[in-house]
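Reading the structure
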Amino acid sequence: MEGRDLLAGAARAAIYNMALQFCIRIMTFVLNGVVLRYISKEMLGVVNVRLTLLYTTTLFLATESFDQACLSKIEDKDWRQVVNQMWLTFPMSILVCLVFGCVWMFVLESPDSESIPYYGTGVVCFCLTTIITTLARPHFIIGQCHLFNRLRVLSVALSELVRCLIAAFLVIYFPHWGLISFSIAQVTSAITYSVIYYAVYYLMIKAEDTGESFVFQSVRDFFPKILPNKSFVDWRLVSLTRSFFKQSIFKQILTEGEKYIMTVFGVLSFGDQGVYDIINNLGSMAPRFIFLPIEESSRLFFSCSFARGENLRQQSKDSADLVTSVLEHLLKTVTLIGSVILVFGQSYAFLALDLYGGSLLSAGTGPLLLRWYCLYVLVLAVNGITECFYFAVMSKKEIDSYNHKMLLFSIILLVSSLFLTRLVGSVGFVLANCINMACRILQSVYFIHNYYKDSGYKPLQGFIPSYPVLGTLVAAYCITALSESYFCCGYGNLFRLLHIIIGGLCLLCVLVTIAISEKQLVQFVTTQLWGRKIGKTDR
């Protein structure tokens, strides 16, 4: 696939993924709003923190390293060997679930059985969800490599919709079931996800819509098989998988660090964990809706455009020009979006929490927690793009070396979380994550600087917005802060509406300034995201 076609496909994938993340967040918020009226905060903490952490941990460890390796650009890669290797995630998921399921049931402190019954059943069902999901992992990877964007959106969105609807129905009509309601919803969601992939590929084969180059030509190709005159798997990918697995352990700790602190050290009660999780979901709306899809598409584009382990001079001139331009514009895009969120989040955190959850969320440290989360959104966005490039071009030796740095980052996160949480409460989790992300950004920036050293390319200039944009952001912060102090806290709905209108006008001024002073960025976004048509890659 040509570089610019790949970029266009990745950009279209980002758009679909943004829509997907938006739908999932909306469904999750609706579900939380419904179930909060029928279950306790403690129940929500056990489901959304303790059991969800079990699911994300087992799925990540069972699949992430395989995904990273099989998506890498490798000469003469045999897709049958890729399918065989991805099927290894199934036994891997069983092993991981056995280990972590026992830890969750017998090592960690269990919730009170009277207020939160069927905890053991919940652990088993959430582990079963991971195992069922890996049954479709080969299909997921093949879909990713062929840019079947709509298929991914369909499978995740429908499975999440099924989970939310079943959970809400069971909680409302069978509240005495406790965790069983959420367990049934979780398992049904995983079954739906896997069935969609199998059904779509089956229909494609029957309709003869796959093409001779597509790896699945029959239903038998869905499953692993012995290859004539070839090894069962590509040992180059196996070696990469081994390296990425070490990295994935640390990455998971860094991603879910605060939940591990809550779970292992018990610094917050289950009720406090439930409230924190709601605010965390609201604060992470932008990372999941905007930055995560951009990050995933960027990772795919960088991995397929640059050969791993080669320096810049060894890459083709066209690829170097295109990748460098994309990197610079992506850095500027996420920096501007993150800065806007940081500026306006300071003056609208209280209002957002009060409208969504009332005094339960807006009283106490909730608004302060969300304001600091806006800073975390900015550093998280920047880190996502810099690490995408870093992980896509580093050699296997550099991957192994980076694993030691990930260990250091993990230690920094855990130690700072424990210290700051005891010092400032739940806000300490956000501050610790900001410190950790800043360290990772410095590491990635150092790599990128050395990679482009003496080349004439300067992609890191994307970090620097124009002076008019910076001035407008500062003015917007001052105006909205004054507006909040006069019209928001403690006043009627008309004053709050006026506060929202003022913020909207300030945001409009910021966007107009960006459009005028960042013309190259605007041109890049319009030509690459909206200006290209996608053919059969957009399924």
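For every chain, the first residue of the written sequence is number 1, and numbering continues from 1 along that sequence. For this predicted model, a pLDDT threshold of at least 70 governs which residues receive local features, and a threshold of 80 or more governs which side-chain atom pairs are given and counted, while totals over whole chains, interfaces and linings are taken from all residues. Excluding hydrogens and water, the side-chain values take into account all heavy atoms of the structure.

1. As for the overall build of the protein chain
Operational definition: Think of it this way: any DSSP run of H or I at least four residues long counts as a helix, any run of E at least two long counts as a strand, and we number them from the N terminus. Three labels apply to residues, based on accessible area from a 1.4 Å probe with only protein chains included: buried if under 20% of the type maximum, exposed if over 50%, partly exposed otherwise in between. Calculation of accessible area relied on Shrake-Rupley with a 1.4 Å probe; when residues are assessed, cover is drawn exclusively from the protein chains displayed.
Counting its secondary structure elements, the protein chain contains 20 helices and 0 strands. The buried share of the protein chain, reckoned over its 539 residues, is 56%. Element-wise, carbon and sulfur atoms account for 66% of the exposed surface of the protein chain, whose accessible area totals about 23,600 Å².

2. A short note on helix α8 (residues 179–206)
We count it as follows: Multiplying 1.5 Å by the residue count of a helix minus one yields the expected span of that helix.
Between its first and last C-alpha atoms α8 spans 41 Å; for 28 residues at 1.5 Å apiece the expected length is 40 Å, and the two agree. Within two residues after α8, Glu208 carries a phi angle of roughly 55°, on the positive side.

3. Here's the deal with the nonpolar core
What counts is decided by this rule: The criterion is simple. A nonpolar core is a set of buried Ala, Val, Leu, Ile, Met, Phe, Trp, Tyr and Cys residues joined through side-chain atoms within 4.5 Å. Any two residues having at least one pair of non-hydrogen atoms within 4.5 Å are treated as being in contact.
Counting 100 residues, the largest nonpolar core has Phe302, Phe306, Phe389 and Tyr452 as the members making the most contacts within it. Here this core gets 16 residues from one element, more than from any other, and that element is helix α15 (residues 366–393). For Phe389, the residues in contact, after removing those within four places along its chain, are Phe302, Phe306, Val323, Leu327, Phe447, Ile448, Tyr451 and Tyr452. Counting 31 residues, the second largest nonpolar core, distinct from the first, contains Cys70, Trp87, Ile141 and Val156.

4. Focus on the pattern of salt bridges
Spelled out, the test is: In what follows, salt bridge is the name for a side-chain nitrogen of Lys or Arg lying within 4 Å of a carboxyl oxygen of Asp or Glu.
The tally for this structure, following the rule as stated, stands at 9 salt bridges. One salt bridge connects Asp221 with Lys225, and the closest N-O pair in it is separated by 3.0 Å. Residue Lys225 is classed as partly exposed on the basis of its relative accessible area, which comes to 27%. Between Glu484 and Arg371 there is a salt bridge, with the nearest N and O atoms lying 3.3 Å from each other. Here Glu484, found in helix α18 (residues 467–488), pairs with Arg371, found in helix α15; they are 113 residues apart in sequence, far enough to count as distant. Exposure remark for Glu484: the relative accessible area of 11% places this residue in the buried category. With a relative accessible area of 22%, Arg371 lands in the partly exposed category.

5. Considerations on the packing of aromatic side chains
The condition that has to hold: Stacked, tilted and edge-to-face pairs are distinguished by plane angle, under 30 degrees for stacked and over 60 for edge-to-face with tilted covering the rest, among Phe, Tyr and Trp rings (Trp via its six-membered ring) whose centres lie within 6.5 Å.
Using the criterion set out here, one finds 23 aromatic pairs in the structure. Ring geometry for Tyr198 against Phe223: centres 6.2 Å apart, planes inclined by 40°, an arrangement best described as tilted. A residue pair is termed long-range when its members are at least 10 positions apart, and Tyr198 in helix α8 and Phe223 in the loop between α8 and α9 (235–255) qualify at 25 residues. Ring plane angle 55° and centroid distance 6.4 Å describe the contact between Tyr201 and Phe222, whose orientation is recorded as tilted. Here Phe222 lies in the loop between α8 and α9 and Tyr201 lies in helix α8, a separation of 21 residues in the sequence. Here the aromatic cluster, defined as three or more aromatic residues joined through ring pairs, consists of Trp87, Phe148, Tyr193, Tyr197, Tyr198, Tyr201, Phe216, Phe222 and Phe223.

6. Let's talk about the packing of helix α2 (residues 41–70) against helix α11 (residues 270–283)
Worth spelling out the cut-off: Only C-alpha atoms enter the line fits that serve as axes; for helices the fit covers just the stretch in contact. Angles between N-to-C directions range over 0 to 180 degrees. Helix crossings get a hand from a simple test, with the near helix turned counterclockwise from the far one by less than a right angle marking a left-handed crossing and a clockwise turn marking a right-handed one. Under the scheme applied, nonpolar residues are Ala, Val, Leu, Ile, Met, Phe, Trp, Tyr, Cys and Pro; charged residues are Asp, Glu, Lys and Arg; polar residues are all the others, including Gly.
The N-to-C vectors of α2 and α11 enclose an angle of 65°; their axes lie 7 Å apart at closest approach. As for the relative orientation of α2 and α11, their crossing is left-handed in sense. Residues Lys41, Glu42, Leu44, Gly45, Val46, Asn48, Val49 and Arg50 of α2 touch α11, and the partners they reach there are Phe270, Gly271, Gln273, Gly274, Val275, Asp277 and Ile278. Of the residues belonging to the contact of α2 with α11, the class tally is 6 nonpolar, 5 polar and 4 charged.

7. Regarding the packing of helix α10 (residues 257–265) against α11
Cut-off, in case you're wondering: Each angle gets one of four labels, with under 35 degrees taken as roughly parallel, over 145 as roughly antiparallel, 65 to 115 as roughly perpendicular, and the rest as oblique.
Across the interface, α10 lies against α11 with an axial gap of 12 Å and an inter-helix angle of 175°. By the angle between their directions, the pair α10 and α11 is classed as roughly antiparallel. The residues of α11 that touch α10, namely those facing Glu258, Lys259 and Met262, are Gln273, Tyr276, Asp277 and Asn280.

8. Remarks on the side chain of Thr263
Topologically, Thr263 is positioned in helix α10. Not counting chain neighbours up to four residues away, the residues in contact with Thr263 comprise Val49, Arg50, Leu53 and Leu108.

9. Concerning the environment of Thr241
Counting through the fold element by element, Thr241 comes out in helix α9. By relative accessible area, Thr241 is classed as buried at 7%. Remark: the alpha-carbon pair of Thr241 and Thr63, spanning 178 residues in sequence, is separated by 9.8 Å. Those residues within four positions of Thr241 in sequence are excluded, and the remaining contacts are Ser65, Phe66, Ala69 and Gln85.

10. Digging into the confidence of the model for the protein chain
Using the following cut-off: The score called pLDDT rates the predictor's confidence residue by residue, from a low of 0 to a high of 100.
With 89% of its residues at a pLDDT of at least 70, the protein chain reaches an overall mean of 83. Of all helices and strands in the protein chain, the one with the weakest mean pLDDT is helix α1 (residues 3–35) (64), whereas helix α5 (residues 119–134) scores best (96). pLDDT under 50 marks residues 531–539. Its contacts with residues more than four places away, or in other chains, come to 26 contacts.

11. Description of the state of the cysteines
For clarity, the cut-off: What counts as a disulfide here is a pair of cysteine sulfur atoms lying within 2.5 Å.
What the rule picks out here adds up to 0 disulfides. Left unpaired, Cys127 is separated from the closest cysteine sulfur, that of Cys97, by 4.4 Å.

12. Some points on unusual backbone geometry
Glycine aside, residues mostly have negative phi angles, and peptide bonds mostly take the trans form. Residue Tyr118 is not a glycine yet carries a positive backbone phi of 65°. Mapped onto the elements, Tyr118 comes out in the loop between α4 (89–107) and α5.

13. Topic: the environment of Met105
Along the chain, Met105 turns up in helix α4. Sequence-wise, Met105 and Tyr119 are 14 residues apart; in three dimensions their C-alpha atoms are separated by 8.2 Å. Residues within four places of Met105 in sequence aside, it is in contact with Ser110, Gly120, Val123 and Val124.

14. Comments concerning the environment of Ser269
Along the chain, Ser269 turns up in the loop between α10 and α11. Residue Ser269 is classed as partly exposed on the basis of its relative accessible area, which comes to 40%. Measuring from C-alpha to C-alpha, the distance between Ser269 and Lys41 comes to 9.9 Å, with 228 residues separating the pair along the chain.

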